[in-house]
Amino acid sequence: MGARVGVRRGETADGMRIPSGCGVAAVASTRGRLVSGDTVACMVCAMPERTNGLGAGFAAYGIYADLAECYVFHLMYEDGQARTATEDLLRARFQVDAEEPIPTRPGVLPGAPMLWRYFLRLPEEVAAHSWDERPAERAQRERCGPDEYTVRAVMEINTGIPGAFVFSSGREMGVFKAVGHPEAVADFFMLDQYRGYSWLGHCRFPTNTPGWWGGAHPFSLLEWSVVHNGELSSYGTNRRYVESFGYRCTLLTDTEVIVYLVDLLVRRHGLALEVACRILTPPFWKELDGSGDRAALLRAARIVYAGALLNGPFTTILGHSRGLVGLTDRLMLRPLVAATRGDLSYLASEEAAIRAVCSGPDRVWAPLAGEAIMVEVRRPQVAVSVGGARS
């Protein structure tokens, strides 16, 4: 299916270069209406030239609403020893409400790792923030609240237990990814049986990183999930920056740092998501010479968070519990198209992916370079753009 892969990554068998690789897609109901996983799968499968079968994946929000208080860990295991060590750690750190294999369709993707999911509740003292309010205890509480406690467990498993990898750790949401073409991955995880209010999808055409199960997109931490098309020439700087705050990059691909940067800026540093987007793709310096509070804020953010700037050609879609964000690099060297129809908002690498599931959108547009397209899941709300858009 799609382009025939040649000897060199990023080329077809006839030597034609695939310059923009990978496909990204997303759909969300701004009213919180549940949508079948078939929708995003169809969007991704409409871009066959953007994958060579070395990875595809999906993220879904609202699929575990009946266990909303639980953090849901999706794990890949290479062997039983990794599973035993991980389950020992989980039982020591959490109350395990339920555990089971992630349901899959047999025979679709031979050679799959062991795939399990765990529904975890926090220890009472962490969930309740029940430290004393003396200064030392207050500082410890702020450093290790429920989300931080969970992140530390994720990092401990991914860096300390060989053959174990947490690829999803949020509440009410889950990531499903694998090595394979998108239609096979969707079939393997039986996405048609899930319904969520927001979905991300990705088909991979890796050009400089290995194709393996853990390296497929989306990448996720807590409520955040990211799909990405392009390359981060700033990866070395970004990686050193996030690792200085305790994150660990283990997945052999540049995309991993994006989800950690968002978590750092929004959750840990308390910045508004719109501000975080301007940090990741800030205006050029010549645009920051103006007067006024906004220019001053953006100048300060550019200086303070220099290590968080994303450079290189890319498009990324960020999923979170309240909606979606579509973001391109500051020169828009990778494509992104947005559309709306009624309460549904769509983002994709190509308009064809949107029209595969929405033949008559109310509006179709492309963002400006570096612009963030924000989609909020609440009533009433429609997709809006930060910084203007061209229709």
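Residues numbered from 1 in each chain as written. Predicted model: local features only at pLDDT ≥ 70, side-chain atom pairs only at ≥ 80, totals over all residues. Heavy atoms only, no water.

Structural notes on the packing of helix 8 (residues 256-268) against helix 9 (residues 273-280)
Here is step 1: At a minimum axis separation of 9 Å, helix 8 and helix 9 run at an interaxial angle of 135°. Overall, the two elements helix 8 and helix 9 adopt an arrangement that is oblique. For the pair helix 8 and helix 9, the crossing hand works out as right-handed. Here Leu261, Val262, Leu265 and Val266 of helix 8 lie close against helix 9, whose contacting residues are Leu273, Ala276, Ile279 and Leu280.
Here is step 2: By residue class, the composition of the contact of helix 8 with helix 9 is eight nonpolar, no polar and no charged. (Axes fitted to C-alpha atoms, helices over the stretch in contact; angles between N-to-C directions. Helix = DSSP H or I, 4+ residues; strand = E, 2+ residues; numbered from the N terminus. Parallel < 35°, antiparallel > 145°, perpendicular 65-115°, else oblique. Left-handed = near helix turned anticlockwise from the far one by under 90°. Contact = heavy atoms within 4.5 Å. Nonpolar A, V, L, I, M, F, W, Y, C, P; charged D, E, K, R; others polar.)

Focus: the sheet that holds strand 6 (residues 114-121)
Here is step 1: Here four strands make up an open sheet; going across it, the order is 5-6-4-7 and the pairing antiparallel. In this open sheet, the two edge strands, each paired with only one partner strand, are strand 5 (95-101) and strand 7 (164-168). The mean angle between the axes of side-by-side strands here comes to 30°, regardless of whether they run parallel or antiparallel.
Here is step 2: This element, helix 5 (residues 146-160), spans strand 4 (71-77) and strand 7 of the sheet and lies at about 5° to strand 4. (Pairing = 2+ DSSP bridges.)

Here we look at a nonpolar patch on the surface
Here is step 1: Residues Phe284, Leu331 and Leu333 make up a contiguous nonpolar surface patch of roughly 290 Å² in combined accessible area.
Here is step 2: Within the secondary structure layout, leucine 333 lies in the loop between strand 14 (323-328) and strand 15 (337-341).
Here is step 3: Given the relative accessible area of 47%, leucine 333 is considered partly exposed. (Patch = residues over 30% accessible without salt bridge, like charges linked within 9 Å, V, L, I, M, F, W, Y side chains within 5 Å. Areas by Shrake-Rupley, 256 points an atom, 1.4 Å probe, with all protein chains shown as cover. Salt bridge = Lys/Arg side-chain N within 4 Å of Asp/Glu carboxyl O. Buried < 20%, exposed > 50% of the residue type's maximum accessible area, 1.4 Å probe, protein only.)

Looking at the pairing of strand 10 (residues 198-203)
Here is step 1: Burial analysis of strand 10 places six of its six residues in the buried class, the great majority of the element.
Here is step 2: Residues Ser198, Leu200 and His202 point to one face of strand 10 and Trp199, Gly201 and Cys203 to the other, with burial holding for every one of them.
Here is step 3: Taken together, the six bridges between strand 1 (residues 23-29) and strand 10 define a ladder with antiparallel strand orientation. Considered in strand 10, the bridge of valine 27 is made with tryptophan 199.
Here is step 4: Strand direction decides the pairing type here: strand 3 (residues 56-61) and strand 10, joined by six bridges, are antiparallel. Bridging across to strand 10, tyrosine 61 finds its partner in serine 198.

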